[in-house]
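Read off the chains here:
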Amino acid sequence: MSFRASLLAAGACSLVILTATGAFAQSLDVRPVSGASSFGFAVEEMLARPFPADSWRGSAFRDAENILADFGIPGSSRVGFDLLARAIASPGAEPDNAGPATGAARLAAIYALGRTGDVARGLGRIRSVAETPLGRRLGAELKLLAGNDAGACGAPGFDPGTAEPATLSPEEMREARFAARLRLFCAAVSGDGANANAAIARLKVLGAAGDWAEAAANRLLKRAPARASLTPRFEDAIDYRLVEALGLARTVTMINRAPLPLLRAMLDDPQTPDVVRAAAIERALRQGFLSGENARKQALAMAGFAPNAGFLRNRTLLLDLAAITSLAPAARGEALAAALIKPRPFAEFAALSALLAPEIAAMRIDTGNAALGAPLARAALSVGDLSAAQGFFRLATGAGGVAKDDPNIQRLSLALALAATESADSPAQARQKLISAAQARFDSAAAIGPAQMAEAVRDCLIAAGAGNLGLAELDLPAEAINASSGTGGLGVFQRIRFSDSLRRGARAEAAILAAGFSDGGAELASADAWLALSGLNQVGLAGDARALGVEWLLSGVKL
């Protein structure tokens, strides 16, 4: 579902994820932007590693509004979340001919990233944006999340109107439905049955008959039995307040489908039940909404946090954390090893590595850990600790260790070579090592068979795109590249839209689109993976291309 289809259909905010992207900002001109522009308005977490101030250069206001309205939210890429959050939330100069509506689109996107406090500051500082229809809606949602029903219900500008639906644009239809739902909520909590009936009638005209808000309103007005079955929707702040007004229990199911502003509200609320809070921490960690450090801090602060805690049932990541931290530091290595070698999707592995970063950093690189060298290298690299990852990899492939021609070891070796190009003392030497690692990956697979060769070509193209290598620098036969195309490619429109952003040099647009591709990075066809990563390099985002390429390579490592 696109962001245009629902303001809150998706959202995620990444705080601090991989450090592998950290150096790119130093190579670009990052200037402060003056004035009360919503694009010059800074989100605090983005100040450490912001995009350059001219990142919307090449975008007209309509380009920006469309991209901000339709962006895809990665669900399994922490690096993708980080890229998306910084592209949207970094302060910068406005797109050409931008006006209040464009600024409102940016604040709405920041809101979807869960940065509710920042949006409140932005609306307070930039009145022209706050007075747009979308700005008024954001203001109302913020008041509702804060429990300020009177402020939301008393806000001007929420008239569902009387126009026929056929005469309304998609934007006008959304605003009319929100206004009708808000009127229904306000009437129900104040006991105004007549106004509630008028709102219900308008919702039916607008094609929203059967909205759960109608059933909720009838219960609040005592026009329905208190014990009647009621399944809450949980998509916006009106839903959030209806659940609270009815005294309904928050559930793990709500956590699983909550947009990020609602997830943040539940994390911030001390009344959230422990079982729900644990689920919220895990989801936020997986999506990149919480850094590993913050997720760990919140989990350890929960009363009774221990392996036998009932609220941790089915919480895979937090159970591993509880099991490890319940041991003395000197005894944690075995439990850490068991957690890292447990089969799990890469998104979960990366989240666990972020959660257990202190324990990974404390593991000694010695022969006693040789059998765990490869998983430890993968974990260390996934949290940006290149030095430790290199040490563990050397340990794994030393005398009597894992075979260096194993495809997973070669893929891990290629990821390490790619990561090492960022901070190398000799960039030319690091580049040559990347080329050599890619060539070794292909040559070894080509000797086995076509299926293995297709996987190797994809790995090589990821490394080439992320490392800004020319195809001529790799000896890959054209027929091998064609055979590796796969079935997980981008749609034609996605390719055209991304290529058009590159043509215009529109850095922010390209980054937002590439972040959306990253959710399927492990399944992207090799040509599309190369397009996405080489495109980021083309617009000056070499660090982000490298970090995304490392993540994609690591996601294919099976140990």
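Our structure is the block above this text.
Once a new chain begins, its residue numbering starts again from 1 and follows that chain's sequence as written. Predicted model: local features are reported for residues with pLDDT of at least 70 only, side-chain atom pairs are reported and counted for 80 or more only, and whole-chain, interface and lining totals are derived from all residues. Remark: hydrogens and water are excluded; side-chain values derive from all non-hydrogen atoms of the structure.

A. View of the nonpolar core. By nonpolar core we mean a set of buried residues, namely Ala, Val, Leu, Ile, Met, Phe, Trp, Tyr and Cys, connected to one another through side-chain atoms within 4.5 Å. Relative accessibility thresholds used throughout: buried, under 20% of the residue-type maximum; exposed, over 50%; partly exposed, between the two (1.4 Å probe, protein chains only). Counting 180 residues, the largest nonpolar core has Ile88, Phe305, Leu318, Leu381 and Ile512 as its most contacted members. Broken down by element, the residue count for this core peaks at 11 residues, all from helix α8 (residues 170–190). We call two residues in contact whenever any of their non-hydrogen atoms come within 4.5 Å of each other. Once residues within four sequence positions are removed from consideration, Phe305 is found in contact with Ala299, Leu300, Phe311, Leu312, Leu318, Leu321, Ala322 and Thr325. Each helix is a run of DSSP H or I of at least 4 residues and each strand a run of E of at least 2, with the numbering of both proceeding from the N terminus.

B. Fine view of the packing of helix α18 (residues 346–355) against helix α20 (residues 373–382). One way to put it is that α18 packs onto α20 with a least axis distance of 8 Å and a crossing angle of 75 degrees. With respect to α20, the axis of α18 lies roughly perpendicular. Two secondary-structure elements touch here, α18 through Phe346, Phe349, Ala350 and Ser353 and α20 through Pro375, Arg378, Ala379 and Ser382. Its residues assigned to classes, the contact of α18 with α20 comprises five nonpolar, two polar and one charged. Between N-to-C directions, angles span 0 to 180 degrees; the directions come from axes that are lines fitted to C-alpha atoms, helices contributing only their stretch in contact. Angle categories are assigned with fixed cut-offs, so that under 35 degrees is roughly parallel, over 145 is roughly antiparallel, 65 to 115 is roughly perpendicular, and the rest are oblique. Residue type decides the class: Asp, Glu, Lys and Arg count as charged, Ala, Val, Leu, Ile, Met, Phe, Trp, Tyr, Cys and Pro as nonpolar, and the leftover types, Gly among them, as polar.

C. The arrangement of the state of the cysteines in detail. Any pair of cysteine sulfurs within 2.5 Å is marked as a disulfide. Going through the model one piece at a time under the given rule, you end up with one disulfide. The disulfide partner of Cys153 is Cys186, and the S-S distance across this bridge is 2.0 Å. As the torsion about the S-S bond is roughly -90 degrees, the Cys153-Cys186 disulfide counts as left-handed. Separated by 33 residues along the polypeptide, Cys153 in helix α7 (residues 149–153) and Cys186 in helix α8 bring together distant segments of the chain. A relative accessible area of 32% places Cys153 in the partly exposed class.

D. Region of the structure containing the packing of aromatic side chains. In this analysis, rings of Phe, Tyr and Trp, with Trp reduced to its six-membered ring, are considered paired at centre separations within 6.5 Å, and the interplanar angle assigns stacked below 30 degrees, edge-to-face beyond 60, and tilted for intermediate values. Throughout the structure, instances matching the rule amount to five aromatic pairs. An angle of 85 degrees between the planes, with centres 5.6 Å apart, marks the rings of Phe39 and Trp56 as edge-to-face. Placement of the pair is Phe39 in the segment before α1 (61–70) and Trp56 in the segment before α1, with a sequence separation of 17 residues. With a relative accessible area of 4%, Trp56 lands in the buried category. Each ring, one from Phe234 and one from Tyr240, has its centre 6.1 Å from the other, and the planes form 35 degrees; the classification is tilted. A relative accessible area of 1% places Phe234 in the buried class. We count a charge as sitting over a ring when the NZ of a lysine or the CZ of an arginine lies within 6 Å of the ring centre and within 35 degrees of the ring normal. The positively charged end of Arg106 is found above the aromatic ring belonging to Phe39, 5.7 Å away from the centroid.

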